[in-house]
Amino acid sequence: MDFFFDLQLFAGEKTEEPTAKRRADARKKGQVGRSQEISGAFVLLSGFFVLKILSTNIIAQIEEYTVYIYGNLNQGIDVETVMNLFMGMVLVLIKTAFPVMLAIMVIAIGVNLFQVGINFTTEPLQFKLDKLSPISGFKRMFSKRSLVELFKSLFKIGIIGIFLYMYLSDEIMNMPEFIYLDLRSSIARMQELIFSLVFQVVAVYLVMAVADYAYQKWQTTQDLKMSKDDIKEEMKQTEGDPQIKGKIRQKQRQMAMARMMQEVPKADVIITNPTHFAVALRYEAGMKAPEVVAKGQDLVAQKIKSIAREANVPIVENKPLARALYASVEIGRIVPPELYQSVAEVLAYVYRLKRRYA
């Protein structure tokens, strides 16, 4: 019993890598490989890093403002006092929170530019009725991508939860020591504990974010993969239908051939191989050198010689010259200098024949 595979059955499978046009069209629609996790990881890292650097100054600013508040409460509450307290609070927020917010904003923009570059599109914001369809909603909720995202979230929570438990289980026994410390020392100790915990958690989160970034890139490529039919259709849209283009090229060759054959009767001589090549030359007064008005190989060569016989154009057999002219001179170009002498000899012979018969 013989088995065979019909390759046409696989024509609709998404097996081909996406083309540059496919990627460009997807990019215009906002479909690019990017990871929210890696943005979040770098934002957390930058925010807490700046917070750690400025922590001493931030604590000093808050302490100074707290002293200022309690120092002015005994003066009574009026509009001016409330305004001064409010402006002081705004100033403290600017001094403490603004550097952290600025660092977070710069890092967030930088990470997004690194992932997708500059890509402004309103395509994802456009209203589409299928987004309101309950059936489409259920399909999105229980799609492969949604299940992967759910698994990623559970995995992330599990890993970070286990890491937090392991870290705090070692540190929780030291918590009662805070009772015996003064306020500054307890704040410093708590600050050290929090930053140590945060940076270790962010390091774990960053590793998972890098892995997610690689996965998102891979998944985007998988989503954009094309079938052989898709590639053929894209080629039709960008370059035109190959069959139509083939017919156009065939028509152009036919027209060029017809124009070339019309020039054969005007030639002074046909130089042949004698069977494989034929080159038609014409020379008129004032021309720098003889011009190739037609040339052909095999059947075209036979056609050129047939028209030449009908028009009484002399046919001269010269194998080396015929090959050289066919290989080195295009139609409508003049003979190169290295072939001047050979061509001149042929033309002189033809002119002598014409004078003899005249």
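Scroll up for the structure.
For every chain, the first residue of its written sequence is number 1, and the numbers climb from 1 along that sequence. Side-chain atom pairs in this predicted model are given and counted only at pLDDT of 80 or more, local residue features only at pLDDT of at least 70, and totals for whole chains, interfaces and linings cover all residues. Side-chain measures here rest on the full set of heavy atoms in the structure, leaving out hydrogens and waters.

### Brief notes about the pattern of salt bridges
Salt bridges are counted wherever a side-chain nitrogen of Lys or Arg sits within 4 Å of a carboxyl oxygen of Asp or Glu. Counting across every chain of the model gives four salt bridges. Across the salt bridge formed by Lys266 and Glu263, the nearest N and O atoms sit 3.7 Å from each other. The salt bridge involving Arg282 is made with Glu263; its shortest N-O contact spans 3.3 Å. With Arg282 in strand 2 (residues 277-282) and Glu263 in helix 9 (residues 242-263), the pair connects residues that are 19 residues apart, well separated along the chain. Using a 1.4 Å probe on the protein chains alone, a residue whose accessible area is under 20% of its type maximum counts as buried, one over 50% counts as exposed, and one in between counts as partly exposed. Residue Arg282 is classed as buried on the basis of its relative accessible area, which comes to 17%. Within this structure, Glu263, Lys266, Arg282 and Glu291 form a network of salt bridges that share partners. Runs of H or I in DSSP of at least four residues are treated as helices and runs of E of at least two as strands, each being numbered from the N terminus.

### Describing unusual backbone geometry
Positive phi, normally seen in glycine, also occurs at Asp298, with a value near 55 degrees. Structurally, Asp298 is set in the loop between strand 3 (291-297) and helix 10 (299-310). Relative accessible area serves as the criterion here: at 37%, Asp298 is assigned to the partly exposed category. Of note in the backbone geometry, Asn312 takes a positive phi value of approximately 60 degrees without being a glycine. Inspection of the secondary structure assignment puts Asn312 in the loop between helix 10 and strand 4 (315-317).

### Points about the packing of aromatic side chains
What counts as a ring pair is set by centres within 6.5 Å for rings of Phe, Tyr and Trp (its six-membered ring), and what kind of pair is set by the plane angle: stacked under 30 degrees, edge-to-face over 60, tilted for all other angles. With the rule as written, the count across this model stands at six aromatic pairs. Taking 6.1 Å as the distance between ring centres and 35 degrees as the angle between the ring planes, the aromatic pair formed by Tyr215 and Trp218 counts as tilted. Here Trp218 and Tyr215 lie together in helix 7 (residues 183-224), a separation of three residues that amounts to about one turn. What makes Tyr215 partly exposed here is its relative accessible area of 22%. On the basis of relative accessibility, which here comes to 45%, the residue Trp218 falls in the partly exposed class. Geometrically, the ring pair formed by Phe277 and Tyr326 is tilted, given 4.8 Å between the ring centres and 50 degrees between the ring planes.

### Things to note about the packing of helix 2 (residues 36-53) against helix 4 (residues 79-116)
For helices, the fitted line uses only the C-alpha atoms of the stretch in contact; every axis is such a line through C-alpha atoms, and the angle between N-to-C directions lies from 0 to 180 degrees. Put simply, helix 2 and helix 4 touch, their axes get as near as 9 Å, and they point 150 degrees apart. One element, helix 2, and the other, helix 4, form an angle in the roughly antiparallel class. Regarding helix 2 and helix 4, the two cross each other, and that crossing is right-handed. Of the residues in helix 4, those touching helix 2 at Ile38, Ser39, Phe42, Val43, Ser46, Gly47, Val50 and Leu51 are Pro99, Val100, Ala103, Ile104, Ile107, Ala108, Val111, Asn112 and Gln115. Convention used here: angles under 35 degrees read as roughly parallel, angles over 145 as roughly antiparallel, angles from 65 to 115 as roughly perpendicular, and any remaining angle as oblique. Should the near helix be turned counterclockwise from the far one by less than a right angle, the crossing is left-handed, whereas a clockwise turn marks it as right-handed. Contacts between residues were defined by any pair of non-hydrogen atoms, one from each residue, lying within 4.5 Å.

### Concerning the nonpolar core
Only buried residues count toward a nonpolar core, which is a set of Ala, Val, Leu, Ile, Met, Phe, Trp, Tyr and Cys residues joined through side-chain atoms within 4.5 Å. Core analysis: the biggest nonpolar cluster contains 17 residues, and Val269, Ile271, Leu281, Leu321, Leu325, Val343 and Val346 have the highest contact counts within it. Within the residue set of this core, elements represented by two or more residues are strand 1 (269-272), strand 2, helix 11 (319-328) and helix 12 (340-357). With four residues, helix 12 is the single largest residue contributor to this core.

### Side note on the sheet that holds strand 2
Judged by pairing direction, the sheet is mixed, and its four strands sit side by side in the order 3-2-1-4 without closing on themselves. Each having just a single partner strand, strand 3 and strand 4 make up the two edges of the open sheet. Looking at each pair of strands side by side, their axes are set apart by 20 degrees on average, direction ignored. Strands qualify as paired when DSSP identifies two bridges or more between them. For strand 1 and strand 2, the ladder comprises four bridges, and the chain directions are antiparallel. Within the sheet, the bridge partner assigned to Ile270 lies in strand 2 and is Ala280. In the packing of helix 10 onto the sheet, contacts are made with strand 1, strand 2, strand 3 and strand 4, and the angle to strand 3 comes to roughly 125 degrees. Across the sheet, helix 11 lies against strand 1, strand 2, strand 3 and strand 4, angled at about 80 degrees from strand 2, the strand it touches most.

### Describing a nonpolar patch on the surface
Together, Ile94, Phe98, Leu102, Met105, Val106, Ile109, Leu113 and Ile118 line one region of the surface with nonpolar side chains, adding up to about 800 Å² of accessible area. Tracing the chain through its elements places Ile118 in the loop between helix 4 and helix 5 (134-141). Relative accessible area serves as the criterion here: at 78%, Ile118 is assigned to the exposed category. Patch membership requires more than 30% relative accessible area and the absence of a salt bridge. Residues of like charge join within 9 Å; the nonpolar side chains Val, Leu, Ile, Met, Phe, Trp and Tyr join within 5 Å. For the area figures, the Shrake-Rupley method with a 1.4 Å probe applies, and any residue is considered shielded solely by the protein chains shown.

### Considerations on the pairing of strand 1
Residues Val269 and Ile271 point to one face of strand 1 and Ile270 and Thr272 to the other, with burial holding for every one of them. The hairpin formed by strand 1 and strand 2 contains four residues between the paired strands. Examined bridge by bridge, strand 1 and strand 4 share three bridges and lie parallel to one another. Counterpart to Ile270 in the pairing with strand 4 is Ile315.

### Quick word on the side chain of Thr96
In this structure, Thr96 sits in helix 4. We classify Thr96 as buried; its relative accessible area is 9%. Polar side-chain contacts of Thr96 include one of 2.7 Å to the backbone oxygen of Val92. As used in this structure description, the phrase polar contact means that two N or O atoms lie within 3.5 Å; if the pair is within protein, one of them must be able to donate a hydrogen and the other to accept it, and residues adjacent in sequence are counted only when both atoms belong to side chains.

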